[in-house]
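An overview of the molecular structure
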Amino acid sequence: MARSKEAKSGEGASYLVTSVDRAMQLLLALVDHPDSGVTELAEATQNTKSLTFRLLYTLEQRGLVRKDPERRTYTLGYAALLLGDQSRQQSRLITTADPVLADLSAKTEENALLLVREGVQHICVAMCASPHPLRIFAAVGRKGPLHAGGGPKILLAHAPDEVVHDVVSGALEAFTEVSPTDPDALASVLEVIRQEGYVISIGELDPNIFSIAAPVRDASGEVVAALAVNGPTGRLSDDIRDQILSHVLEAADRLSRLLGWRERADIRIG
């Protein structure tokens, strides 16, 4: 698991507590590799088996890790659940977004999601599920790329230049036939997104899923999240698309204002 650039170099490296950093690395590895043993986790974190075992033992004593004594595998403990719940409650972005997401889902009858950027990935930090029996699977904590999909491309378009460069110059994975894979074309699309203030993505991550998204800004005007609606492409007619886009733009503007933003861009639909 790669460490942040701040931890690798510069002034921040002098403040890094290596043991704490490795313990956090291990907890994050358990997010992606639950029910893993010492060997698998040592490989995932690039630590020795001996160090991995000692870290797991220490985290287990604090309730952050649970060990299955029969299978000799590890999962996140109940204390991690408490941390996650408190993180949600203490996040102004998430608590402010919850009623906005509920209202947006009710109006569009589709999933409403709040995405943030974590390095060169996006992560869903809050959502309200569609009331339809047939709906697209989405889950809080789910991660994915930045170059494909509505909300992810919003986040990439407004990311720092070095992040945009890392993503655009890297391997752009094709998830479907229409996934962005050409760096120059993607760079042009990101510029359009910055100008238009929204994204309509159809079939980029899954051929049967659409996503319509807009940026969420804080009091400084910085884009801190993407508000998105997704659902089956079979329910997306031209009229429905325009209605959903209007609701998404309104909800993103509402959430931004609740976070302190006071300027609204002139966005035209169509």
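Residues numbered from 1 in each chain as written. Predicted model: local features only at pLDDT ≥ 70, side-chain atom pairs only at ≥ 80, totals over all residues. Heavy atoms only, no water.

**A closer look at the overall build of the chain**
From N to C terminus, the chain includes 10 helices and 8 strands. Counting the 270 residues in the chain, one finds 42% classified as buried. Of the contacts made within the chain by residues no fewer than 6 positions apart, 55% connect residues no fewer than 24 positions apart. (Helix = DSSP H or I, 4+ residues; strand = E, 2+ residues; numbered from the N terminus. Buried < 20%, exposed > 50% of the residue type's maximum accessible area, 1.4 Å probe, protein only. Contact = heavy atoms within 4.5 Å.)

**Focus: the side chain of His-147**
Relative to the elements of secondary structure, His-147 occurs in the loop between strand E5 (143-144) and helix H7 (150-157). A distance of 2.8 Å separates a polar side-chain atom of His-147 from the backbone oxygen of Glu-173. In this view, His-147 contacts Lys-153, Leu-156, Val-167, Leu-172, Glu-173, Phe-175, Pro-180 and Leu-186; residues no more than four positions away in its chain are not counted. (Polar contact = N/O pair within 3.5 Å; in protein donor to acceptor, adjacent residues only side chain to side chain.)

**A look at the pattern of salt bridges**
When the charged atoms of two side chains lie near each other, side chains of opposite charge can form a pair. For the structure on display, the rule yields 9 salt bridges. Among the salt bridges present, the one from Arg-71 reaches Asp-35, with a minimum N-O distance of 3.8 Å. Of this pair, Arg-71 sits in the loop between strand E1 (65-68) and strand E2 (73-76) while Asp-35 sits in the loop between helix H2 (18-32) and helix H3 (38-45), placing them 36 residues apart in sequence. According to the relative accessible area criterion, Arg-71 is exposed, its value standing at 52%. The partly exposed category is assigned to Asp-35, whose relative accessible area is 38%. Here Glu-110 makes a salt bridge to Arg-235, at a shortest N to O gap of 2.7 Å. Taken together, the positions of Glu-110 in the loop between helix H6 (92-108) and strand E3 (111-118) and Arg-235 in the loop between strand E8 (223-232) and helix H10 (238-258) put the pair 125 residues apart, joining distant regions of the chain. A residue is classified by how much of its surface remains accessible, and Glu-110, at 4% relative accessible area, is buried. Overall, the relative accessible area of 24% leaves Arg-235 in the partly exposed class. (Salt bridge = Lys/Arg side-chain N within 4 Å of Asp/Glu carboxyl O.)

**A closer look at the sheet that holds E8**
Pairing in this open sheet of 6 strands is antiparallel, and the strands run E5-E4-E3-E8-E7-E6 from one edge to the other. Both outer strands of the open sheet, E5 and strand E6 (199-202), are each paired with one neighbouring strand and no more. In terms of strand pairing, E6 meets strand E7 (residues 209-217) through 4 bridges, oriented antiparallel. What sits directly across from Val-199, in E7, is Ala-213. Relative to E7, H7 is tilted by about 35°, and along the sheet it contacts E3, strand E4 (121-128), E6, E7 and E8. Against the sheet, H10 engages E3, E6, E7 and E8, with an angle of about 25° to E7. (Pairing = 2+ DSSP bridges. Axes fitted to C-alpha atoms, helices over the stretch in contact; angles between N-to-C directions.)

**Examining the confidence of the model for the chain**
Of the residues in the chain, 89% have a pLDDT of 70 or more, and the chain-wide mean is 87. In the model, residues 1-9 has pLDDT below 50 throughout and makes 15 contacts with residues more than four positions away in sequence or in other chains. (pLDDT = per-residue confidence, 0-100.)

**What to know about helix H8 (residues 161-168)**
Those residues of H8 that sit buried are Val-163, Val-164, Val-167 and Val-168. All buried residues of H8 fall inside an arc of 120° around its axis, so they share one side. When the buried face of H8 is taken as reference, the exposed residues oriented beyond 90 degrees from it are Asp-161 and His-165. Contacts made by the buried residues of H8 are with E3, H7 and helix H9 (183-196). (Arc of directions from axis to C-beta.)

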